[in-house]
Amino acid sequence: MSKRSRKERARSAPAPRELAPKPGPGKVYVREFVSARSGREERFRNIGEHPLTLAHARGKIGDEQFAAGEELRALCELRAAGGRDSTDLSPPGGGGNGAGLAFTQTQVDAIHRLERLRSRLKARDWIILERFCGEGWPMAEAVRAATLCHPSGVLFRMQEALDELVAARRGCVLWKREA
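Residues numbered from 1 in each chain as written. Predicted model: local features only at pLDDT ≥ 70, side-chain atom pairs only at ≥ 80, totals over all residues. Heavy atoms only, no water.

A.B. asks: Describe in detail helix α3 (residues 63-80), supporting the description with residues and values.
C.D. replies: Taking 1.5 Å as the rise per residue, α3 with 18 residues should run 26 Å; its terminal C-alpha atoms sit 26 Å apart, in good agreement. All of the buried residues along α3 are Gln65, Phe66, Ala68, Gly69, Glu71, Leu72, Arg73, Leu75 and Cys76. Considering only its buried residues, α3 is in contact with α2 (51-57), α4 (105-119), α5 (123-134) and α7 (154-171). (Helix = DSSP H or I, 4+ residues; strand = E, 2+ residues; numbered from the N terminus. Expected span 1.5 Å × (residues − 1). Buried < 20%, exposed > 50% of the residue type's maximum accessible area, 1.4 Å probe, protein only. Contact = heavy atoms within 4.5 Å.)

Structure, rendered in structure tokens:
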């Protein structure tokens, strides 16, 4: 084979397709087509970024359960979010032990909303939901933290707890959507 034919082949080769990102811990990628015009543009979405997202993408939980779990997840993230950054560090020797840290108003609101919601749920359901939605525990471990459950009953128990969250969410006046 001559050099000329190799060069011609290299020039006429089709453009390489975008490869999927490498999966790793907490990464499960799904290929989606996103172009409204041609339908040929694709992207890769990480559905493994949180156990709640993964369960919804795999069809284990419904849309309403997922929405309620996402709102609980957002409230738990707001509760844990601090209003301080590196510019707020106390000076050296100033007793920077963190005793004077105050909660932001957003954190206080999230804590009140979570407490109101917690009062409407059973203790075991709250433990499951807080671990699974709020802290990102795997489904089986979240259910096991609240109750002894046969491994085949984990999905049913999680769906039951999410259904209770949906019902509590409907009755809770503090769950309002910001525009």
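A.B. asks: Outline the side chain of Thr147, listing residues and values.
C.D. replies: Residue placement: Thr147 occurs in the loop between α6 (139-146) and α7. Using a relative accessible area of 16% as the deciding quantity, one classes Thr147 as buried. Thr147 has contacts with Arg124 and Arg157, leaving out every residue within four places of it along the chain.

A.B. asks: So, the packing of α3 against α7: which residues are in play, and what are the values?
C.D. replies: The interhelical angle for the contact between α3 and α7, taken along N-to-C directions, is 70°, at an axis separation of 9 Å. With respect to their mutual orientation, α3 and α7 come out roughly perpendicular. Two secondary-structure elements touch here, α3 through Glu64, Gln65, Ala67, Ala68, Gly69, Glu71 and Leu72 and α7 through Gln159, Leu162, Asp163, Leu165, Val166, Arg169 and Arg170. Across the contact of α3 with α7, the residue classes break down as 6 nonpolar, 3 polar and 5 charged. (Axes fitted to C-alpha atoms, helices over the stretch in contact; angles between N-to-C directions. Parallel < 35°, antiparallel > 145°, perpendicular 65-115°, else oblique. Nonpolar A, V, L, I, M, F, W, Y, C, P; charged D, E, K, R; others polar.)

A.B. asks: Give a detailed account of the state of the cysteines, specifying residues and quantitative values.
C.D. replies: Scanning the entire structure with this criterion turns up 0 disulfides. Cys133 supplies the cysteine sulfur nearest to Cys76, a cysteine that is in no disulfide, at a spacing of 7.8 Å. Given a relative accessible area of 4%, Cys76 falls into the buried group. According to the relative accessible area criterion, Cys133 is buried, its value standing at 0%. (Disulfide = S-S within 2.5 Å.)

A.B. asks: Kindly report on the nonpolar core, identifying the contributing residues and their values.
C.D. replies: Core analysis: the largest hydrophobic core is formed by 28 residues, its most contacted members being Leu72, Leu129, Phe132, Met158 and Leu165. For this core, the secondary structure elements donating two or more residues are α2, α3, α4, α5, α6 and α7. Examining the composition of this core, we find that 7 residues originate from one element, α7, more than from any other. For Leu165, the residues in contact, after removing those within four places along its chain, are Ala68, Gly69, Leu72, Leu117, Leu121 and Leu129. (Core = buried A, V, L, I, M, F, W, Y, C linked by side-chain atoms within 4.5 Å.)

A.B. asks: Kindly report on the packing of aromatic side chains, identifying the contributing residues and their values.
C.D. replies: Scanning all chains against the criterion turns up 0 aromatic pairs. A cation over a ring is seen here: Arg131 above Trp137, with NZ or CZ 5.0 Å from the ring centre. (Phe/Tyr/Trp six-rings, centres within 6.5 Å; stacked < 30°, edge-to-face > 60°. Lys NZ or Arg CZ within 6 Å of the ring centre and 35° of its normal.)

A.B. asks: Please provide a residue-by-residue account of the pattern of salt bridges, values included.
C.D. replies: Taken as a whole and assessed by the stated rule, the structure comprises 8 salt bridges. Of the charged contacts, one joins Arg73 and Glu70 as a salt bridge, the two residues approaching to 3.2 Å between their closest N and O atoms. Taken as a pair, Arg73 and Glu70 lie in helix α3 at a separation of 3 residues, close to a single helical turn. Overall, the relative accessible area of 26% leaves Glu70 in the partly exposed class. Residues Glu160 and Arg157 are paired through a salt bridge, measuring 3.0 Å at the closest nitrogen-oxygen approach. On the criterion of helical spacing, the pair formed by Glu160 and Arg157 is a turn pair, its members being 3 residues apart in helix α7. Look at the salt bridges and you will find they share partners, linking Glu49, Glu70, Arg73 and Glu77 into a network. (Salt bridge = Lys/Arg side-chain N within 4 Å of Asp/Glu carboxyl O.)

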